[in-house]
Each structure stands twice: as structure tokens, then as C-alpha cells.
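# Architecture at a glance
Listed below are the residues making up each chain.
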Amino acid sequence: MIIDNLKNAKLYYNLNDRMATAFNFLAERDLSNLEVGKYEIAGDDIYASVEEYQTKPKEEGRWEGHRKYLDIQYIIEGQELMGCSDLEGMKILEDYNQKKDILFLEGEGNFFTIKAGNFAVFMPQDIHMPGRAVDKAERVKKVVVKVKLD
């Protein structure tokens, strides 16, 4: 897992051949004016989903993981708690859905606050729980860029 500000994104371009393209998408657009929906960046290899929602209590969250894609979760407006844990030690709740590239689990993890302008990168070993309220429910606008791993 990586947590940082978008102005430092160039530090991470070499993690994956597709990372520079994904971060350029975030850096070169006025994200606040993007409509909710899916944006193709490089076919199925890199795409983004813009979301708007109210954060929810931590107790209502579910741990999730992915196998084919890493997540870059960038907060456009608002703030949220995000949880992260290692795959080891987690209990599988629902079998892996290959079509949706998602696995749901339960267990313990650490939580941190991500504010507007910052991002978190979750690799496949990083089980995560996004969208949780910091103090109380608030509106968040976020873009999740999915980067396919080879």
C-alpha cells in the first residue's frame, strides 16, 4: 500500500509499466468536473471509475481484495477512512469473483484518513476497506483507477 499526494505521483511511475499512464490521467484532468461513470484510459488494461457517495460507519464496511488489478483511489472532494490489511490472516467470506475481480473477506486491519488531493494504491496483497466515515457521514467524490497487472 502507498499513501501520498498527487503532486508526488511521478515517484511511482516505475512500479508498473502502466502506472505513469494512470497517474497522468489523474494529473491532466479537471477531476472535479468529471461526471460519475467509467472512463476508458487504455482499454481493459487501465480504466477509471468516478464515484460520489456518503461515507458510512466502519462497522458497515467489508474488506475487499483484487487479483488482476491494482487500485489507485484518489479523493477529489471530501475525506474518508480507508482500511488496509494483509491477505494473510483474513478469512474469506465470498469466493473470488473472476468477472468482477473481487474477493470479500473479514478480519482486522489498520485505518487511515485520506483527504482531497491524496491517493492510496492497493496492490493485490493489500486487502482494503474504503468509503468509511472519519467522524460522521460526508459526501465524497473519488476516482478509482484500475491498473491491470501482468
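Preceding this section is the structure that the text describes.
### Description of the packing of aromatic side chains
Within this structure, the stated rule accounts for six aromatic pairs. Ring centres of Phe25 and Tyr39 lie 6.5 Å apart, and the angle between their planes is 45 degrees; this geometry places the pair in the tilted category. Taken as a pair, Phe25 in helix H1 (residues 19-27) and Tyr39 in strand S2 (residues 37-42) lie far apart in primary sequence, 14 residues in all. Here the aromatic residues Tyr12, Tyr13, Phe23 and Phe119 are joined through ring pairs into a cluster of three or more. Sitting over the ring of Phe111, Lys58 keeps its end group 4.5 Å from the ring centre.

### With respect to the nonpolar core
Nonpolar side chains tend toward joint burial in soluble globular proteins. With 23 residues, the main nonpolar core has Phe23, Leu26, Ile72, Val143 and Val145 as its most contacted residues. Per-element accounting of this core gives the leading share, five residues, to H1. Contact partners of Val145, with chain neighbours within four places excluded, come to Ala22, Phe25, Leu26, Ile41, Ile46, Tyr47, Ala48, Leu70, Asp71 and Ile72. The next biggest cluster of nonpolar side chains, apart from the first, holds eight residues, and it includes Met82, Ile114, Phe122 and Val140.

### Structural notes on the environment of Gly89
Among the structural elements, Gly89 can be located in the loop between strand S6 (79-86) and strand S7 (91-97). The exposure class assigned to Gly89 is exposed, which follows from its relative accessible area of 73%. For the pair formed by Gly89 and Phe23, sequence separation is 66 residues and the distance between their alpha carbons is 31 Å.

### Description of the environment of Glu59
Its place among the elements puts Glu59 in the loop between strand S3 (46-54) and strand S4 (63-65). By relative accessible area, Glu59 is classed as exposed at 68%. Placed 21 residues apart in sequence, Glu59 and Lys38 show a C-alpha to C-alpha distance of 28 Å.

### A closer look at unusual backbone geometry
Phi at Asp101 is positive, roughly 50 degrees, even though this residue is not glycine. Structurally, the position occupied by Asp101 is in the loop between S7 and strand S8 (102-106).

Definitions and cut-offs
Residues numbered from 1 in each chain as written. Predicted model: local features only at pLDDT ≥ 70, side-chain atom pairs only at ≥ 80, totals over all residues. Heavy atoms only, no water. Phe/Tyr/Trp six-rings, centres within 6.5 Å; stacked < 30°, edge-to-face > 60°. Helix = DSSP H or I, 4+ residues; strand = E, 2+ residues; numbered from the N terminus. Lys NZ or Arg CZ within 6 Å of the ring centre and 35° of its normal. Core = buried A, V, L, I, M, F, W, Y, C linked by side-chain atoms within 4.5 Å. Buried < 20%, exposed > 50% of the residue type's maximum accessible area, 1.4 Å probe, protein only. Contact = heavy atoms within 4.5 Å.

Worth remembering: the numbers are spatial, not functional.
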